[in-house]
Amino acid sequence: MKNTIVDILKMDTPKELEVSGWIKSFRGNRFIALNDGSCLASLQIVLESEKFTNELLTDLNNGSSIKVKGQLIDSMGSGQKVELQAKEIIILGKCSQEDLQKTILQPKKHSLEKLREQGHLRFRTNLFGAVFRIRHHLAFAIHKYFNDKGFFYIHTPIITGTDAEGAGETFRVTTLPLEEKSVDLKNDFFGKPTHLTVSGQLEAELAALSLGKVYTFGPTFRAENSNTTRHLAEFWMVEPEIAFADIKQDVDLGEDFLKYLINYALKSSKEDLQFLNDREIKEEAQLPKEKRNKLSLIQRMEMVINNKFIRITYTEAIDILLRSKPHKKKKFKYDIKWGVDLQSEHEKYLVEKHFQKPVVIVDYPKKIKAFYMRDNEDGKTVAAMDILFPGIGEIVGGSQREERYEVLEKKCAEFNVPKESIWWYLETRKLGTVPHAGFGLGFERLMMFVTGMGNIRDVIPFPRTPNNAEF
Ligand code: 4AD
Ligand code: MG
């Protein structure tokens, strides 16, 4: 394997080596900033222009890819510890000034929308390099956390016939010609209606009821027509499921897991996080004071790690909201009353104004939650939990599952879930059922919190949203 810049920057000098990358800048016919994506920092290449042809020098444009052989020495400049004295430079791929002008590779400030339109190139920017390196580290940390705790990674199906959440926002999967969609589904590929999964939970439960502790981490699909900064049609969800556990253990796991991941990011991605932290401060300097974050990105991460999450019931949350200033002054757009779902403005108030800490809300009214959640003794609420984060709102949604056959059967009827479609799910409640619980973490919501990016489209490489499936 070739040297990458992240390793080269730590090497002892002097050393002969070869490196490849893309030119970030070329100053004074003498200094190239070379980046290969392995880290945020670039390697300074120093060349004596007399030793190279004019033809080569004119090709050393921003964006061009090159291979350089030379000697790594201690740098005389103050910006870096080491630099590479170029002996040989080979152009691998030219990038002409003319072509460059049309793209986001042109070194000037571009809007995030523009960067999104050029999703094939945005990886090359410092910003998206940082975001996607962090995404990698967090994905790795998820597996590490569960592996270290004895959970087994289960691959649940992507094509399925069940709609776990019962929201009906599914993408149909069919091989029937478009005009035949309404005809007999027995002739379709699977001989029944199927769609892309909205959650791997029901299948993960089957595995947990044998293997004890499992988790899934895969893509999920929702045809919600909500063009918001927090929703994607294709997003990644982490879903642990534990047997012999109740809602309290579920919340404890959620809190511990989130703290672990945020702490992991702080340790694994220092340079990238500092960059994002400073970028946010610079961007916010242009905003009025009240619109700026009170805490910096890194301070917000530390705040989550260092504070116990607040735990309240839905009923308590409603009471707090009813007593709140915005409610009394009629500043909330949506009305608050027991039994209706909390809107993001309400969640925001609880997390950002009232508690100023992550908040876990438990015991929601059963009517607004999914059929599989365990009925509480009061007959009105279920053992559900949502974890709300500052700036994000709901980051985790979970529950203790209904493990009692008769109750679950009744709930299927109440929620119009056809028993035939999940006969296997029901059967597990007859054959050695146990209390169990789990949750789903929206991976991109976590990414938003850790990177400070305000739009979910900017934390997934290729976002899928209504009217957008480019690349
Ligand atoms: O609250 P949700 O719908 O819960 C479930 O799907 C359960 N089956 C999870 C479980 O108990 N195993 O979704 C879980 C999380 C949300 O809290 C949110 O973070 C994220 O998934 N999420 C989305 N993220 C991006 N785009 C969307 N359209 C999302 N919908 C949910
Ligand atoms: Mg939810």
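Note that the coordinates shown come from a computational prediction; the quantities given were computed from them, not determined experimentally. (Residues numbered from 1 in each chain as written. Chains lettered and ligands numbered in written order. Predicted model: local features only at pLDDT ≥ 70, side-chain atom pairs only at ≥ 80, totals over all residues. Heavy atoms only, no water.)

(A) Summary view of the overall build of the protein. Helices and strands together make up the secondary structure of the protein, namely 15 helices and 16 strands. Seen along its three principal axes, the alpha-carbon backbone of the protein occupies a region of about 85 × 60 × 45 Å. The proportion of buried residues among the 471 residues of the protein is 50%. Of all intrachain contacts in the protein linking residues separated by at least 6 positions in sequence, the fraction that spans at least 24 positions is 67%. Surface exposure of the protein reaches about 23600 Å², of which carbon and sulfur atoms provide 52%. Both charge centroids of the protein, one from 69 positive and one from 66 negative side chains, sit 5 Å from each other. (Helix = DSSP H or I, 4+ residues; strand = E, 2+ residues; numbered from the N terminus. Buried < 20%, exposed > 50% of the residue type's maximum accessible area, 1.4 Å probe, protein only. Contact = heavy atoms within 4.5 Å. Areas by Shrake-Rupley, 256 points an atom, 1.4 Å probe, with all protein chains shown as cover. Lys, Arg positive; Asp, Glu negative; His and termini not counted. Charge placed at Lys NZ, Arg CZ, Asp CG, Glu CD.)

(B) Inspection of the side chain of R445 at higher detail. Examined against the element boundaries, R445 turns out to sit in helix α15 (residues 443-451). Notably, R445 is buried but unbridged: the nearest opposite-charge side chain belongs to E394, and the N-O separation is 5.2 Å. Not counting residues up to four positions away in its chain, the partners in contact with R445 are R230, H231, I392, E394, I395 and I456. (Salt bridge = Lys/Arg side-chain N within 4 Å of Asp/Glu carboxyl O.)

(C) The packing of aromatic side chains, seen in detail. Considering all chains together, one arrives at 24 aromatic pairs under this definition. Seen in terms of ring centroids, F123 and F132 are 5.2 Å apart; in terms of plane orientation they differ by 50 degrees. Their pairing is tilted. What makes F132 buried here is its relative accessible area of 13%. Their ring planes at 55 degrees and their centres at 5.0 Å tell us that Y145 and Y260 sit as a pair that is tilted. Highlighted residues: Y145 in helix α5 (residues 126-148) and Y260 in helix α7 (residues 247-268), separated in sequence by 115 residues. When its relative accessible area of 3% is taken as the criterion, Y145 is described as buried. The structure contains a cluster of three or more aromatic residues connected by ring pairs, namely Y145, F146, F151, Y153, Y215, F257, Y260, Y264 and F439. Above the ring of Y364, the side-chain terminus of K369 is found at 4.2 Å from the ring centroid. Residue placement shows K430 over the ring face of Y405; its charged tip is 4.5 Å from the ring centre. (Phe/Tyr/Trp six-rings, centres within 6.5 Å; stacked < 30°, edge-to-face > 60°. Lys NZ or Arg CZ within 6 Å of the ring centre and 35° of its normal.)

(D) How the structure looks around the nonpolar core. The biggest cluster of nonpolar side chains holds 65 residues, and the ones touching the most others in it are L273, F389, L441, L446 and V450. In terms of residues, this core owes the most to one element, α5, which gives twelve residues. If we skip the residues at most four places from it in the chain, V450 touches I134, L138, I262, A265, L273, L297 and M301. By size, the runner-up hydrophobic cluster in this structure holds 33 residues, among which are A164, F355, F371 and L408. (Core = buried A, V, L, I, M, F, W, Y, C linked by side-chain atoms within 4.5 Å.)

(E) Structural detail: helix α12 (residues 344-355). Here α12 contains twelve residues, and its C-alpha end-to-end distance of 15 Å stays within 8% of the 16 Å for a straight helix at 1.5 Å per residue. For α12, the elements touching its buried residues are β12 (310-313), α10 (314-322), α11 (325-328), β13 (359-365), β14 (381-389) and β15 (393-400). Just downstream of α12 lies Q356, where phi reads positive at about 55 degrees. (Expected span 1.5 Å × (residues − 1).)

(F) Region of the structure containing unusual backbone geometry. Going from T13 to P14, the amide bond is cis rather than trans, its omega being -10 degrees. Considering the arrangement of structural elements, one finds P14 in the loop between α1 (5-8) and β1 (15-27). With phi around 65 degrees, N467 is a residue other than glycine that occupies positive phi space. Using a relative accessible area of 85% as the deciding quantity, one classes N467 as exposed.

Purely spatial values, then, with no claim about function.
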